[in-house]
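# Descriptive structure summary
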Amino acid sequence: MVDGKTEALKKIEDDVIALKESPLYEERVKNKYFPVIGEGDYSAQIMFIGEAPGKNEAKTGRPFCGRAGKVLDKLLEEVGIARKDVYITNIVKDRPPGNRDPLPDEINLYAPFLDRQIKVIKPKVIATLGRFSMQYVMNRYGLERELSPISIIHGKVFAVPSEASAKLGCGDVKVIPLYHPAAAIYNQKLLKTLEKDFEIIPSILS
Ligand code: URA
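Residues numbered from 1 in each chain as written. Predicted model: local features only at pLDDT ≥ 70, side-chain atom pairs only at ≥ 80, totals over all residues. Heavy atoms only, no water.

## Regarding the pattern of salt bridges
- Inspection of the entire model under this criterion finds 15 salt bridges.
- The shortest N-O distance in the salt bridge between Arg 131 and Asp 101 comes to 3.6 Å. Note that Arg 131 is positioned in helix α6 (residues 131-140) and Asp 101 in the loop between β3 (87-90) and α5 (104-121), a separation of 30 residues in sequence.
- A relative accessible area of 42% places Arg 131 in the partly exposed class.
- Taking the relative accessible area as the measure of exposure, Asp 101 reaches 38% and is therefore partly exposed.
- Connected through shared salt-bridge partners, Glu 39, Arg 62, Asp 73 and Arg 83 make up one network. (Salt bridge = Lys/Arg side-chain N within 4 Å of Asp/Glu carboxyl O. Helix = DSSP H or I, 4+ residues; strand = E, 2+ residues; numbered from the N terminus. Buried < 20%, exposed > 50% of the residue type's maximum accessible area, 1.4 Å probe, protein only.)

## Here we look at the environment of Asp 172
- Take Asp 172: it is sitting in the loop between α8 (162-168) and β6 (174-178).
- Taking relative accessible area as the criterion, Asp 172 reaches 69% and is therefore assigned exposed.
- Separated by 94 residues in sequence, Asp 172 and Glu 78 place their C-alpha atoms 26 Å apart.
- What Asp 172 contacts, discounting residues up to four positions off in sequence, is Pro 123, Lys 124 and Ser 165. (Contact = heavy atoms within 4.5 Å.)

## Points about the pairing of β3
- Neither face of β3 is exposed, since Tyr 87 and Thr 89 on one face and Ile 88 and Asn 90 on the opposite face are all buried.
- In this structure, strand β2 (residues 46-50) lies alongside β3, joined through 4 bridges in parallel fashion. Bridge pairing in β3 links Phe 48 to Ile 88. (Pairing = 2+ DSSP bridges.)

## Quick look at the site of the ligand
- In the region of the ligand, the neighbouring residues are Gly 50, Glu 51, Ala 52, Glu 57, Pro 63, Phe 64, Asn 90 and His 180.
- The side chain of Asn 90 places a nitrogen or oxygen atom 2.7 Å from a nitrogen atom of the ligand.
- Within the complex, 92% of the 230 Å² of free accessible area of the ligand lies under protein.
- Across the shell around the ligand, the residue classes tally to 3 nonpolar, 3 polar and 2 charged. (Near = heavy atom within 4 Å. Polar contact = N/O pair within 3.5 Å; in protein donor to acceptor, adjacent residues only side chain to side chain. Areas by Shrake-Rupley, 256 points an atom, 1.4 Å probe, with all protein chains shown as cover. Nonpolar A, V, L, I, M, F, W, Y, C, P; charged D, E, K, R; others polar.)

## A few points about the packing of helix α4 (residues 67-78) against helix α9 (residues 188-198)
- Following both chains from N to C, one finds α4 and α9 inclined at 45°, their axes separated by 9 Å at the closest point. By the angle between their axes, α4 is oblique relative to α9. As for how α4 packs across α9, the hand of that crossing is right-handed. Contacts between α4 and α9 involve Val 71, Leu 72, Lys 74, Leu 75, Leu 76 and Glu 78 from the first element and Leu 191, Leu 194, Glu 195 and Phe 198 from the second. (Axes fitted to C-alpha atoms, helices over the stretch in contact; angles between N-to-C directions. Parallel < 35°, antiparallel > 145°, perpendicular 65-115°, else oblique. Left-handed = near helix turned anticlockwise from the far one by under 90°.)

## Notes on the packing of aromatic side chains
- By the definition in use, this model includes 2 aromatic pairs.
- Here the aromatic rings of Phe 48 and Phe 198 are separated by 5.8 Å at their centres, their planes lie at 10°, and the arrangement is stacked. Of this pair, Phe 48 sits in strand β2 while Phe 198 sits in helix α9, and the two are 150 residues apart along the sequence.
- Residue classification places Phe 48 among the buried positions, given a relative accessible area of 0%. (Phe/Tyr/Trp six-rings, centres within 6.5 Å; stacked < 30°, edge-to-face > 60°.)

## Quick look at α5
- Helix length check: α5 (18 residues) gives 25 Å between terminal C-alpha atoms against 26 Å at 1.5 Å per residue, within 8%.
- Glu 106, Ile 107, Tyr 110, Ala 111, Phe 113, Leu 114, Asp 115, Gln 117, Ile 118, Val 120 and Ile 121 are the residues of α5 that are buried.
- On its buried side, α5 packs onto α1 (4-17), β2, β3, β4 (125-129) and α6.
- Where α5 ends, the next residue or the one after it, Lys 122, has phi of about 50°, a positive value. (Expected span 1.5 Å × (residues − 1).)

## Some thoughts on the side chain of Thr 128
- Its place among the elements puts Thr 128 in strand β4.
- Excluding residues within four positions of it along the chain, Thr 128 makes contact with Ile 49, Ser 133, Met 134, Val 137, Val 175, Ile 176, Pro 177 and Leu 178.

## Side note on the nonpolar core
- Grouped together as the largest cluster of nonpolar side chains are 62 residues, with contacts concentrated most on Phe 48, Ile 91, Leu 178 and Phe 198.
- When residues in this core are grouped by element, the largest group, 8 residues, is from α5.
- Excluding its chain neighbours within four sequence positions, the residues that come into contact with Phe 48 are Leu 72, Leu 76, Val 86, Tyr 87, Ile 88, Thr 89, Ala 127, Leu 129, Leu 178, Phe 198 and Ile 201. (Core = buried A, V, L, I, M, F, W, Y, C linked by side-chain atoms within 4.5 Å.)

What follows is the structure, encoded as structure tokens:
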């Protein structure tokens, strides 16, 4: 039987697929790329939010399946969390050409789909990966006053204020900003920082 979550997430997927007004739509068609909607447990307690799909992701339609994904898989494994038990997505669902940073207009266009995913899945914890998702989520979910550079607030846990939670229908949720796993590919020090920050996750879930 199709439950309400499956149906609602399928509708989000259909809406992203139909997003012809996106400046990234032409790239999708030209390169035979897929939009990357997200994957994982629809009732996950934790949701990871990256930036935008890279080439591997756009070719397969799966988030974090390339090199950054390998780092994420290892970080999850080290703290005993199975990838199938979490939900992983990005703010921007189509690949920006040449792996450039997503533009503000692109973030604004795709962010409502992310908000809908959060509202359906209702995770207990949102872990943002990198500064783009950190900035979007903290600004949108009533944590704008806590926003600082990622070098200062990575690994800190912020509770979404009840007014924002009521307005956005996201339930009781905490946000933990984390560095993007891609940044740790060639940077051992940052990898250690990410590993330490990941250790916090199981304790905020229980
Ligand atoms: N980087 C991201 O931000 N997201 C992905 O899905 C892959 C790499």
